[in-house]
Amino acid sequence: MLFHHFSGWIPDPNPVVYVFSHCGSYIVACFFFLSGYGLYKVDSKKDISFSLVLRRLLRLLIPYWCCEILYLLAYFLFGIEPEIAVTPVNVLLSVFSAAHIVEFSWYVSAILVVYVLFFLCMKCVKKHAAVVLLILLMGLFFVVPDLWGTFVAFPVGMLVAQYESEILRRFNRFPKRFAAYAVCVLLLGVCFFLKIRGQSMGSQLLMNASDAVGGIFFCLPVYIVLTKVKIGGKPAAFFGRISYEFYLLHGLCIRIAHRFFGVEQALAFIAVTFVLTTALSFATALVGERLTALSKKHRT
């Protein structure tokens, strides 16, 4: 995702940068897929209550508001203008609007909506929640075609979690896994072609629809690989812990690094962005975890 957004700062992209510039939606689809997979695994056997929903939403909102403070500091220190006017109402509610103070945070607005729909479906039609949510999100996508449709990967992640034992049983041998992987990669290539075609035609619907379907075909091979290749260790655990804050803050750090180095000093630009994003994400995660714990203690 970081390199995807770097590509927007390079005036004459080479073929590798060009591919990165179109792959961000697939990475976001993985966020949605893994969120749906993880939430279903954790909450499918729980009673869906208001306190559970509130706890899940606060885990998204508290880090977002912490990151928002850093964006406001950058606005006052470096003059980095946010998308919307800095007012108390916008600071508190920008996460729920179309324009945000935190860059690239449309994902947060989308996942908040998806979370609410997830819990409603789990409360009302628990056994068929994934299918109902998939239908709802596909309907929403066609009603509002300008939306980035990668959020449909969320109920697909739920379906994989729900039928995981059957999936693993059917694809327990290498030839079947390889065949499934190859088919997904081929279909992803078709979706990528249609996305580029939609861009050349000026068709936002074709671009977003191919992104939505392509995101699913990107997530499934990733899932297939992760069932056999275990990624662990302290570095993976560390960046997994701060991944949400990293996503929210990397846009700000790109702008700060660009102000001091520019794309002419590409290596320094990338290195400073990565180090600064990591440091700020770690500090923000610590603060967010503390505030989340305090809010939980206050509610109890």
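For clarity, every value in this text was computed on a predicted model and none was experimentally measured. (Residues numbered from 1 in each chain as written. Predicted model: local features only at pLDDT ≥ 70, side-chain atom pairs only at ≥ 80, totals over all residues. Heavy atoms only, no water.)

1. Some details on the overall build of the chain
Short version of the rule: Where helices and strands are cited, they refer to DSSP runs of H or I of at least four residues and of E of at least two residues respectively, numbered from the N terminus. A 1.4 Å probe rolled over the protein chains alone gives each residue an accessible area, and that area as a share of the maximum for its type sets the label: buried under 20%, exposed over 50%, partly exposed in between. Residues count as neighbours in contact if any of their non-hydrogen atoms are within 4.5 Å of one another. Only the protein chains shown count as cover for residues, and all accessible areas are computed by the Shrake-Rupley method using a 1.4 Å probe.
Each helix and strand in the chain was counted, giving 14 helices and zero strands. Counting across all 300 residues of the chain, residues that qualify as buried make up 41%. Looking at the chain alone, contacts between residues at least 24 apart form 73% of all its contacts between residues at least 6 apart. Taken as a whole, the chain presents about 16200 Å² of accessible surface, with 72% of it coming from carbon and sulfur.

2. Section: the packing of aromatic side chains
Stated formally: In this analysis, rings of Phe, Tyr and Trp, with Trp reduced to its six-membered ring, are considered paired at centre separations within 6.5 Å, and the interplanar angle assigns stacked below 30 degrees, edge-to-face beyond 60, and tilted for intermediate values. Working rule: Lys NZ or Arg CZ, within 6 Å of ring centre, within 35 degrees of ring normal, means a charge sits over the ring.
Applying the stated criterion across every chain yields a total of 17 aromatic pairs. Taking 6.5 Å as the distance between ring centres and 90° as the angle between the ring planes, the aromatic pair formed by Tyr115 and Phe119 counts as edge-to-face. With Tyr115 and Phe119 both in helix α6 (residues 106-124) and four residues apart, the pair spans about one turn of that helix. Arranged with centres 6.5 Å apart and planes meeting at 75°, the rings of Phe239 and Phe246 form a pair that is edge-to-face. Every member of this aromatic cluster is reached through a ring pair, and the members are Phe238, Phe239, Phe246, Phe274 and Phe282. Sitting over the face of the ring of Tyr26, Lys195 holds its NZ or CZ atom 5.6 Å from the ring centroid.

3. Re the packing of helix α3 (residues 24-43) against helix α11 (residues 204-226)
The criterion, for reference: Lines are fitted to the C-alpha atoms to define the axes, a helix being fitted only along its stretch in contact, and any angle between axes, read from their N-to-C directions, falls within 0 to 180 degrees. Here is the rule for handedness: rotate from the far helix to the near one, and if that takes an anticlockwise turn smaller than a right angle the crossing is left-handed, while a clockwise turn gives right-handed. All amino acids are sorted into three groups, where Ala, Val, Leu, Ile, Met, Phe, Trp, Tyr, Cys and Pro are nonpolar, Asp, Glu, Lys and Arg are charged, and the leftover types, Gly among them, are polar.
Interaxial distance between α3 and α11 falls to 8 Å at its minimum, and their mutual angle equals 65°. The hand of the α3/α11 crossing is right-handed. Counted together, Ser25, Tyr26, Ile27, Ala29, Cys30, Phe33 and Tyr37 of α3 and Asp211, Gly214, Gly215, Phe218, Cys219, Leu220, Val222 and Tyr223 of α11 form the full contact between these two elements. Per-class residue counts for the contact of α3 with α11 are 11 nonpolar, three polar and one charged.

4. What about the side chain of Thr284?
Looking at the element boundaries, Thr284 is found in helix α14 (residues 266-299). Thr284 sits in the buried class, given a relative accessible area of 5%.

5. Description of a nonpolar patch on the surface
Note the cut-off: Within this analysis, patches are made of residues with over 30% relative accessible area and no salt bridge. Like charges are joined at 9 Å or less; nonpolar side chains (Val, Leu, Ile, Met, Phe, Trp, Tyr) at 5 Å or less. The salt bridge definition used is simple: a Lys or Arg side-chain nitrogen within 4 Å of an Asp or Glu carboxyl oxygen.
A cluster of nonpolar side chains, Tyr181, Val185, Val222, Val225, Leu226, Val229 and Ile231, forms an exposed patch at the surface whose accessible area comes to about 550 Å². Elements supplying a minimum of two residues to the nonpolar patch: α10 (174-201) and α11. If you tally residues by element for the nonpolar patch, the top one is α11, at three residues. You can see Val225 is positioned in helix α11.

6. Digging into the pattern of salt bridges
Opposite charge on two side chains permits pairing when their charged atoms draw close. All told, the structure shown has five salt bridges when counted by the stated rule. Measuring nitrogen to oxygen at the nearest pair gives 2.7 Å for the salt bridge that ties Glu166 to Arg169. Of the two residues, Glu166 and Arg169 are both situated in helix α9 (residues 164-170); the distance of three residues between them amounts to about one turn of the helix. The partner of Glu289 in a salt bridge is Arg241, and the shortest N-O contact between them spans 2.8 Å. Of the two residues, Glu289 sits in helix α14 while Arg241 sits in helix α12 (residues 234-241), which places them 48 residues apart along the sequence. Of the residues examined, Glu289 reaches a relative accessible area of 37% and is grouped as partly exposed. Each of Glu166, Arg169 and Arg170 takes part in one network of salt bridges that share partners.

7. Details of helix α4 (residues 50-78)
Since the α-helix turns once every 3.6 residues, residues separated by three or four places project in the same direction. We apply this condition: Between the first and last residue of a helix there are one fewer steps than residues, each counted as 1.5 Å, and that sum is the expected span. Here the bend at each residue means the angle between axes fitted to two seven-residue stretches, the one ending at that residue and the one beginning there.
With 29 residues, α4 extends 41 Å from end C-alpha to end C-alpha; this agrees with the ideal 42 Å at 1.5 Å per step. By the largest-angle criterion, Leu58 marks the main kink of α4, which is about 30°.

8. A short note on the environment of Val102
Relative to the assigned elements, Val102 resides in the loop between α5 (88-93) and α6. Judged by its relative accessible area of 0%, Val102 is buried. Expressed as a C-alpha distance, the spacing of Val102 and Leu252, which sit 150 residues apart in the sequence, is 7.9 Å. Other than its neighbours up to four places away in sequence, Val102 contacts Tyr64, Cys67, Glu68, Tyr71 and Leu248.

9. A few points about the nonpolar core
What counts here: Buried Ala, Val, Leu, Ile, Met, Phe, Trp, Tyr and Cys residues form a nonpolar core when they are joined through side-chain atoms within 4.5 Å.
Judged by nonpolar contacts, the single largest core of 57 residues is most densely connected at Phe32, Val108, Phe118, Phe154, Met158 and Leu248. Of all elements in the fold, only α3, α4, α6, α7 (129-143), α8 (153-162), α11 and α13 (243-260) reach the threshold of two or more residues within this core. In terms of residues, this core owes the most to one element, α6, which gives 11 residues. In this structure, Phe154 is in contact with Phe32, Phe33, Ser35, Gly36, Leu39, Ile111, Val114, Tyr115, Phe118 and Leu133, ignoring residues within four places of it in sequence. Counting residues in each nonpolar core, the second largest holds five residues, with Tyr26, Cys184, Leu188 and Phe217 among its members.

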